[in-house]
Amino acid sequence: MKQMFINGEWVDARSGETREIINPYNQEVVATAAEGNAEDAKRAIAAAREAFDHGEWQHTPGAERGQKVLRIAELIERDREELAKLETFDTGKTVEESRVDMDDIAGVFRYFAGIADKDGGEVIESPIPDSQSKVVREPVGVCGQITPWNYPLLQAAWKIAPALAAGNTIVMKPSEITPLTTVKVTELIEEAGVPAGVANLVLGAGATVGNELAESGDVDLISFTGGIDTGKKIMQTASGNVKKIALELGGKNPNVVFADADFETAVDQALNAAFFHAGQVCSAGSRLIIEDSIHDEFVEELTARAKRIKLGDGFKEDTQSGPLISAEHRGKVENYVEIGKEEGANLLIGGARPEDEELQNGFFYLPTIFTECTSDMRIVQEEVFGPVLTVERFETEEEAVKLANDSIYGLAGAVFTTDIDKAERAAAKMRMGTVWINDFHPYFAQAPWGGYKQSGIGRELGKPGLEEYTETKHIYRNLKPEPIHWFK
Ligand SMILES: NC(=O)c1ccc[n+]([C@@H]2O[C@H](COP(=O)([O-])OP(=O)(O)OC[C@H]3O[C@@H](n4cnc5c(N)ncnc54)[C@H](O)[C@@H]3O)[C@@H](O)[C@H]2O)c1
Ligand SMILES: C[N+](C)(C)CC=O
């Protein structure tokens, strides 16, 4: 039974309710978890409030907090294999992918451990004689953190590590369908010696636990990663006490390939961009925008390779891609494929569930490619979050950039070309939080991550990822206090 962690104690939901956690590969129950509700969230918020207002954590020197965060990294490295297996049971992704995630996650804890004591504030030039001004950063307070199911622990790590390093207290709510690794890491946080009440974990649904975190007047900041509609709802709910918000939302990310790109690299990367983790990646390259002169050859090769992607059990060595997360989510993907067909896009491959006997109990869906797409189509504009790639053509550099930017989203995008000036010109004009040149997908702890436009608000990772969890305070000191007699 996976319990919640509130004020340093492992507890069941007050209501006694539980939820079965399902392996999307075969629908087997892999665990039972406490199903908390708003009442449990309130208890956790109260514990975090008390620990922030009256505990030592926010006053603990950054170097000491950094040591605890570093210890969490070491424990994650120690338990890497167990964590990777849990992530695969929960999400269906290949265990190789999960191992890569665990290495990234340990790196994130190491990074924020390393910068926990690096900002001692700064003295600034005051224009007023006989005065001194300094600017310091302080923790925000109680942070509500809500994460999605596609990268359960990775997205949690991007929030937990900087929040703790900066001296905040937290209430984490993982996706209700993939809580296993977040529970395990909370055990490691306890083992690392983080004081009771500083890091709390509540399991349960968004509408109950998540909503309480967004609504509570005792929460100072809500950091959310998930879909755009939920993000909008959270923004509204969070306005009640004008809490700070950080939103990491969806994407519909363009992958621009010029005719002069290295063909093999561009095809290989386009395949990975679109179909890695069955396309369930916020930054998936789900819009291929390709120069007309190489369109046919490129699409032919891409299609041949997409057909060869081996779907299966994430624990088997030859599996290249797992299932979608749930029946409901596969239904959403299928609906989008129908919309694409109705809109007149040309369904080149996929558009169906696989027929293999072995895959019938899982939520599998075939890699799907639509050609002859135009940017007014919903299949091109809306986030499908599955293995569905749309292909658009361009003839000029200007047109390529225009198509790339033709989206309400602005999370990430890529440009492939051997002409580096052209690449830099395009990258400068692309309205996205991340632009890759001749690559797709790299992200790491040192570089900020986040979206332009409706892909979000704020940044995770890098120095800005720590700053999200701080308030900036200006302390002004009059070195020669005397009456000013403004009012005679
Ligand atoms: N920008 C990024 O870095 C990034 C990273 C990963 C995933 N995502 C996005 O996440 C989405 C997929 O994840 P998902 O389906 O889990 O998203 P989701 O919005 O359905 O759920 C995300 C989290 O929000 C909670 N939630 C749901 N309703 C809520 C409410 N009313 N109030 C508070 N919390 C609520 C859920 O329980 C879950 O924990 C995609 O859109 C993807 O692009 C973005
Ligand atoms: C941010 N990232 C790419 C790790 C996961 C997005 O879904």
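Residues numbered from 1 in each chain as written. Chains lettered and ligands numbered in written order. Predicted model: local features only at pLDDT ≥ 70, side-chain atom pairs only at ≥ 80, totals over all residues.

- In the annotation of an unreviewed UniProt entry, the chain is listed under the name Betaine-aldehyde dehydrogenase and assigned to Salimicrobium flavidum.
- Turning to the chain, the UniProt annotation filed under Sequence similarities (unreviewed entry) states: "Belongs to the aldehyde dehydrogenase family."
- Its UniProt record gives the chain a comment under Pathway (unreviewed entry), which states: "Amine and polyamine biosynthesis; betaine biosynthesis via choline pathway; betaine from betaine aldehyde: step 1/1." (UniProt positions renumbered as here; feature names shortened; annotations may be inferred.)

**Section: the overall build of the chain**
Right, on to step 1. When you go through the chain residue by residue, the secondary structure sums to 15 helices and 22 strands.
Right, on to step 2. Against the globule reference of 23 Å for 488 residues, the chain gives a C-alpha radius of gyration of 24 Å, in line with a compact fold.
Right, on to step 3. C-alpha atoms of the chain, sized along the principal axes, occupy 80 × 55 × 40 Å.
Right, on to step 4. Counting across all 488 residues of the chain, residues that qualify as buried make up 52%. (Helix = DSSP H or I, 4+ residues; strand = E, 2+ residues; numbered from the N terminus. Rg over C-alpha atoms; globule rule 2.2 N^0.38 Å. Buried ≥ 20, exposed ≤ 12 C-beta atoms within 10 Å, placed from the backbone.)

**Digging into the sheet that holds strand E5 (residues 122-124)**
Right, on to step 1. In spatial order, the strands read E5-E6-E22; together these three strands make up an open sheet with antiparallel pairing. Both outer strands of the open sheet, E5 and strand E22 (470-478), are each paired with one neighbouring strand and no more. Ignoring strand direction, the axes of neighbouring strands in this sheet form an average angle of 30 degrees.
Right, on to step 2. Relative to E22, strand E6 (residues 131-139) runs antiparallel, the two being bridged by nine bridges. (Pairing = 2+ DSSP bridges. Axes fitted to C-alpha atoms, helices over the stretch in contact; angles between N-to-C directions.)

**Here we look at unusual backbone geometry**
The bulk of non-glycine residues show a negative phi, and the bulk of peptide bonds are trans.
Right, on to step 1. Look at aspartate 130: it is not a glycine, yet its phi comes out positive at around 55 degrees.
Right, on to step 2. One non-glycine residue with positive phi stands out, namely asparagine 438, at about 55 degrees.
Right, on to step 3. You can see asparagine 438 is positioned in the loop between strand E19 (434-437) and strand E20 (452-453).

**Structural notes on the site of ligand 2**
Right, on to step 1. If you check the shell around ligand 2, you find Asn150, Tyr151, Leu154, Val281, Cys282, Ser283 and Tyr443 and nothing else.
Right, on to step 2. Here the shell around ligand 2 is composed, by residue class, of five nonpolar, two polar and no charged.
Right, on to step 3. Each of two domains, domain 1 (4-249 + 455-475) and domain 2 (254-437), supplies a minimum of three residues to the shell around ligand 2. (Near = placed C-beta within 6 Å. Nonpolar A, V, L, I, M, F, W, Y, C, P; charged D, E, K, R; others polar. Domains from an automatic or database assignment.)

**Describing the UniProt feature "active site" (unreviewed entry) in the chain**
Right, on to step 1. Sites flagged by UniProt as "active site" (unreviewed entry) map to Glu248.
Right, on to step 2. Dropping the residues within four chain positions of it, glutamate 248 is found in contact with Thr225, Gly450, Gly451, Gly456 and Glu460. (Contact = placed C-beta atoms within 7 Å.)

**Comments concerning the environment of glutamate 471**
Right, on to step 1. Position of glutamate 471 among the secondary structure elements: in strand E22.
Right, on to step 2. Separated by 227 residues in the primary sequence, glutamate 471 and lysine 244 have C-alpha atoms spaced 10.0 Å apart.
Right, on to step 3. Apart from the residues within four sequence positions on either side, glutamate 471 is in contact with Glu138 and Val140.

**A look at the domain arrangement of the chain**
Right, on to step 1. The domains assigned to the chain are domain 1 (4-249 + 455-475) and domain 2 (254-437).
Right, on to step 2. Inter-centroid distance (C-alpha atoms) of domain 1 to domain 2 is 31 Å.
Right, on to step 3. Put simply, the parts of the chain that give the side of domain 1 that touches domain 2 at least two residues each are helix H3 (80-91) and helix H4 (95-115).

**Section: the sheet that holds strand E16 (residues 388-394)**
Right, on to step 1. Strand order in the open sheet formed by seven strands is E14-E15-E16-E13-E12-E18-E19, and the pairing between neighbours is mixed. With one partner strand each, in any of the chains shown, strand E14 (346-349) and E19 form the two edges of the open sheet. Adjacent strand axes in the sheet meet at a mean angle of 25 degrees when their direction is disregarded.
Right, on to step 2. Pairing analysis gives four bridges linking strand E12 (residues 254-257) to strand E13 (residues 287-291), with the strands arranged parallel. Among the inter-strand pairings, asparagine 255 is bridged to a residue of E13, identified as leucine 288.
Right, on to step 3. Across the sheet, helix H11 (residues 327-343) touches E14, strand E15 (368-371) and E16, and the angle it forms with E16 is around 30 degrees.

**A look at the site of ligand 1**
Right, on to step 1. Among the 32 residues in the neighbourhood of ligand 1, the closest are listed as Pro148, Gly206, Gly210, Gly226 and Thr230.
Right, on to step 2. Listed by contribution, the elements that provide at least two residues to the shell around ligand 1 are helix H7 (206-215) and helix H8 (228-238).

**Focus on helix H13 (residues 397-405)**
The periodicity of an α-helix, 3.6 residues per turn, causes residues three or four places apart in sequence to face the same way.
Right, on to step 1. Those residues of H13 that sit buried are Ala400, Val401 and Ala404. Projected onto a plane normal to the axis of H13, the buried residues spread over an arc of 95 degrees and lie on a single side.
Right, on to step 2. Elements that come into contact with the buried residues of H13 comprise E12, E13, E16, strand E18 (412-416) and helix H14 (420-429). (Arc of directions from axis to C-beta.)

**Concerning the packing of helix H1 (residues 38-54) against H7**
Between two packed helices, both the angle of their axes relative to each other and the distance between the axes serve to describe the pair.
Right, on to step 1. At a minimum axis separation of 8 Å, H1 and H7 run at an interaxial angle of 40 degrees. For the pair H1 and H7, the sense of crossing is right-handed. Counting all contacts with H1, which are made through Ala38, Asp40, Ala41 and Lys42, the residues of H7 involved are Thr208, Val209, Glu212 and Leu213.
Right, on to step 2. Counted by class, the contact of H1 with H7 contains four nonpolar, one polar and three charged residues. (Left-handed = near helix turned anticlockwise from the far one by under 90°.)

**Description of the packing of helix H2 (residues 62-78) against H4**
Right, on to step 1. The contact between H2 and H4 brings their axes to 8 Å, and the two run at 165 degrees. It follows from the interaxial angle that H2 and H4 lie roughly antiparallel. Every pair of crossing elements has a handedness; the one defined by H2 and H4 is left-handed. On H4, the residues that touch Gly66, Val69, Leu70, Ile72, Ala73, Ile76 and Glu77 of H2 are Met102, Ile105, Ala106, Phe109, Arg110, Phe112, Ala113 and Gly114.
Right, on to step 2. Residues of the contact of H2 with H4, tallied by class, amount to 11 nonpolar, two polar and two charged. (Parallel < 35°, antiparallel > 145°, perpendicular 65-115°, else oblique.)

**Details of the UniProt feature "domain: Aldehyde dehydrogenase" (unreviewed entry) in the chain**
Right, on to step 1. Residues given the UniProt feature "domain: Aldehyde dehydrogenase" (unreviewed entry) here are residues 10-475.
Right, on to step 2. Regarding residues 10-475, the helix share stands at 40% and the strand share at 20%, and the terminal C-alpha atoms are separated by 41 Å.

**Regarding the confidence of the model for the chain**
Right, on to step 1. Confidence along the chain averages 98 in pLDDT terms, with 100% of residues attaining 70 or more.
Right, on to step 2. Model confidence for the complex is summarised by a pTM of 0.98, with the ipTM given as 0.98. (pLDDT = per-residue confidence, 0-100.)

**Some thoughts on the pairing of strand E8 (residues 169-173)**
Right, on to step 1. When you tally the buried positions in E8, you get five out of five residues, the bulk of the element.
Right, on to step 2. By the bridge criterion, five bridges tie strand E7 (residues 142-146) to E8 in an arrangement that is parallel. For valine 142, the partnering residue across the bridge sits in E8 and is threonine 169.
Right, on to step 3. After leaving E7, the chain enters helix H5 (residues 152-165) and then returns to the sheet as E8, a path that is right-handed.
Right, on to step 4. Here E8 pairs with strand E9 (residues 199-201) via three bridges, running parallel. Paired with valine 171 across the strands is asparagine 200, a residue of E9. (Right-handed = clockwise from strand over helix to strand, strands pointing away.)

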